[in-house]
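Coordinate analysis (summary)
Given next are the chains, with one letter for each unit.
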Amino acid sequence: MTRKNKTTDRASSRSAARLAAVQALYQMDMTGIDLNDVIAEFQTHRLGQVVEGEHYHEAEAEFFHDLVDGVVREQRQLDPMLDQQLAEGWRLNRVDSILRALLRSAAFELYIRDDVPARVVINEYVDIAHAFFEGEEPKVVNGVLDRLARKVRSEEFARAALGEG
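This one's a predicted model, so the numbers in the text were calculated from it and none came from an experiment.

Rules and cut-offs
Residues numbered from 1 in each chain as written. Predicted model: local features only at pLDDT ≥ 70, side-chain atom pairs only at ≥ 80, totals over all residues. Heavy atoms only, no water. Phe/Tyr/Trp six-rings, centres within 6.5 Å; stacked < 30°, edge-to-face > 60°. Lys NZ or Arg CZ within 6 Å of the ring centre and 35° of its normal. Buried < 20%, exposed > 50% of the residue type's maximum accessible area, 1.4 Å probe, protein only. Helix = DSSP H or I, 4+ residues; strand = E, 2+ residues; numbered from the N terminus. Arc of directions from axis to C-beta. Polar contact = N/O pair within 3.5 Å; in protein donor to acceptor, adjacent residues only side chain to side chain.

Let's talk about the packing of aromatic side chains
Under the criterion given, the structure shown has one aromatic pair. Sitting over the face of the ring of Phe63, Arg14 holds its NZ or CZ atom 4.1 Å from the ring centroid. Above the plane of the ring of Trp90 lies Arg94, whose end atom (NZ or CZ) is 4.2 Å from the centre.

Shown next, in the form of structure tokens:
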């Protein structure tokens, strides 16, 4: 396998992990299922499996686990950061459950996973938003995550502005 194919495969498995993480976080929010139970369910029965005729792509299991576990672990820090980026008068607990799961997962990546470039995180979650929503939500995701990224990754954006990365 060529290096490009390995890179593409990894990117694809990370994209699948992000989508699965959003779904798992949504499921936890809606059903109250335990963190360990939802991770086990996805890793055993969904990631890379066929469920109700839908084929779930192979996902990087460790990355998926890190996202879901990390959001739960860091939620007390993430939610206020997201509240500050939402339009005036809006709070995270007022937005759609899928949108909330998506924003939390993206915020975790921006805040903790500095091994992933901020622009990659933003693009990935905007793509996920398009998978779930046809209205203005992808634009909202883009705006909220861009503002958050510029706060939590200000050095990365400064380097990019100087042409250093």
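After that view of the structure, there is still more to cover.
Digging into helix α2 (residues 35–45)
By the burial criterion, the buried members of α2 are Leu35, Val38, Ile39 and Phe42. Down the axis, α2 shows its buried residues gathered within 100 degrees of arc, on one side only. Away from its buried face by more than 90 degrees, α2 exposes Asn36 and His45. The N-cap of α2, judged by a side-chain oxygen 3.0 Å from the amide nitrogen of Asn36 a few residues on, is Asp34.

Geometric values such as these leave the question of function open.
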